[in-house]
Amino acid sequence: MRLLPDDDEREFTSMLRRLLSAGTGPPALWTSLADAGVLGLTLPEKYGGSGADLTALGAFCVEAGRALCPTIVHGTLHAGLAVHTFGTAEQHAALLPPLAGGRCRATTALWSPVDAGDVAPVLQAAHEGDVWVLNGLVDFVLDAPTADVVVVSAKDVGTGRTLAFVVPTDASGVHTEPLTLMGGQGAAALRFDDVTVGDSLVLGGDDGIPDDRLRRLANTASALLSLDLVGVGEAALQRTVDHTAMREQFGRPIASFQAAQHLVANMHIALSATRLAAWAAVSLLGDGHTATRQTAVARMHAAAAAKLATLDAHQLHGGMGYVVDTDLHRYSERARVLSTLGGGADVAATWLQGADA
């Protein structure tokens, strides 16, 4: 398990930072990410991907958090992981190239939005003739209003097995009920009323998808989002260091006061611990482990560190921290959303009970 980046990884991180900090709007950024191979980072090259490992995706997530990259990018990456993990070779050839090439925006609804450890499907699926019919409601699906497809799990009412379905969000019978989260983050409840899906868009095969394989995917997403929170915290920390070095009180920089130094040191320590915990989880997941224990530790650290870093950043900015022109509020809002969806530190702590090593 390697926790320190090598020269290639540092060069890759620098490229990502330049790409994400170019200042382009969402459409142009989406195109740039697709052209750079980021949207298919871990997918095989024969399907338009880059063939990289999970650590490369982790490096992207840190920089995505630092730059507040739109979360639809995360959803598309997670959807690609799901299709690649659970799909057949034919499905890979049909579904992965549009995701990797940026021609399809995606999101997932494969675990509970309040507890990523709960992978029990909430939709019901019935096989009728040559199609599947989906019914039910999935709540708090991140970026559903802007996604082209959603990868969602459902229980086969005939056999009890769990299957995953790649469903266009504009399919007949899919009703999108928009939800506005903190900071204007897009999400929606998706109601499925007799939505028909062909066999070519059903993932899982004859045996369905075991809970442990779904849990590993959920752990992967949680660990990657923990690295996103590291990036959010590091950006808030850097802004705070810059501000305290520039801002003066009583004829001297705020950074020279011991109280300010202690707050900054605590932010740095919390983020460093989170970074190590999240990279440990990503490394083990990349090696094929379920890594529930490591993911829980990473999630607990990430939720706490993101809260600490953003709150202390506002405190050290004083009144300036609450002026929207500083953009500091955007990091606080991102931290609250990503440290809540899927469960915060208290929920992650419950994953430790009976978790594998």
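The protein goes by Acyl-CoA dehydrogenase in an unreviewed UniProt entry, where it is assigned to Mycolicibacterium hippocampi. Under the Sequence similarities (unreviewed entry) heading, UniProt states for the protein: "Belongs to the acyl-CoA dehydrogenase family." UniProt, in the comment section headed Cofactor (unreviewed entry), describes the protein in these words: "FAD".

A. Spotlight on the pattern of salt bridges. Scanning the model with the defined rule gives eight salt bridges in all. With a closest N to O distance of 2.9 Å, glutamate 63 and arginine 17 form a salt bridge. Here arginine 17 lies in helix α1 (residues 7-20) and glutamate 63 lies in helix α3 (residues 54-67), a separation of 46 residues in the sequence. Arginine 66 is paired through a salt bridge with glutamate 234; the nearest N and O atoms lie 2.6 Å apart. In this pair, arginine 66 sits in helix α3 while glutamate 234 sits in helix α6 (residues 211-246), placing the two residues 168 residues apart along the sequence. Residue classification places glutamate 234 among the buried residues on the basis of a relative accessible area of 13%. Put simply, Arg17, Glu63, Arg66, Glu234 and Arg275 are held in one network by salt bridges that share partners.

B. View of the domain arrangement of the protein. What the domain assignment reports for the protein is domain 1 (7-101), domain 2 (106-203) and domain 3 (211-353). Its C-alpha centre places domain 1 at a distance of 23 Å from the equivalent point of domain 2. At the interface, 13 residues of domain 1 touch 16 residues of domain 2. Together domain 1 and domain 2 conceal approximately 1,000 Å² of surface at their shared face, both sides included; 68% is due to carbon and sulfur atoms.

C. Spatial organisation of the packing of helix α7 (residues 258-286) against helix α8 (residues 292-317). Closest axis-to-axis distance for the α7/α8 pair is 8 Å, and the angle between their directions is 155°. Comparing their axes, α8 and α7 come out roughly antiparallel. Handedness of the crossing formed by α7 with α8: left-handed. Split by residue class, the contact of α7 with α8 holds 20 nonpolar, six polar and one charged.

D. Inspection of unusual backbone geometry at higher detail. Here phenylalanine 140, not a glycine, exhibits a phi torsion of approximately 50°, which is positive. As for its placement among the helices and strands, phenylalanine 140 is situated in strand β3 (residues 131-142). Accessibility expressed as a relative area gives 35% for phenylalanine 140, which makes it partly exposed.

E. A look at the side chain of histidine 78. In this structure, histidine 78 sits in helix α4 (residues 72-86). Once residues lying within four places of it in the same chain are set aside, the contact partners of histidine 78 are Thr108, Ala221, Leu224 and Leu225.

F. Main features of the packing of aromatic side chains. Counted under the stated rule, the structure contains one aromatic pair. Judged by centre distance (5.9 Å) and plane angle (70°), the rings of tryptophan 132 and phenylalanine 165 are edge-to-face. Here phenylalanine 165 lies in strand β5 (residues 162-168) and tryptophan 132 lies in strand β3, a separation of 33 residues in the sequence. As far as the burial class goes, tryptophan 132 and phenylalanine 165 line up, both buried.

Definitions and limits used
- Residues numbered from 1 in each chain as written.
- Predicted model: local features only at pLDDT ≥ 70, side-chain atom pairs only at ≥ 80, totals over all residues.
- Heavy atoms only, no water.
- UniProt positions renumbered as here; feature names shortened; annotations may be inferred.
- Salt bridge = Lys/Arg side-chain N within 4 Å of Asp/Glu carboxyl O.
- Helix = DSSP H or I, 4+ residues; strand = E, 2+ residues; numbered from the N terminus.
- Buried < 20%, exposed > 50% of the residue type's maximum accessible area, 1.4 Å probe, protein only.
- Domains from an automatic or database assignment.
- Contact = heavy atoms within 4.5 Å.
- Buried area = accessible area lost by both parts, 1.4 Å probe.
- Axes fitted to C-alpha atoms, helices over the stretch in contact; angles between N-to-C directions.
- Parallel < 35°, antiparallel > 145°, perpendicular 65-115°, else oblique.
- Left-handed = near helix turned anticlockwise from the far one by under 90°.
- Nonpolar A, V, L, I, M, F, W, Y, C, P; charged D, E, K, R; others polar.
- Phe/Tyr/Trp six-rings, centres within 6.5 Å; stacked < 30°, edge-to-face > 60°.

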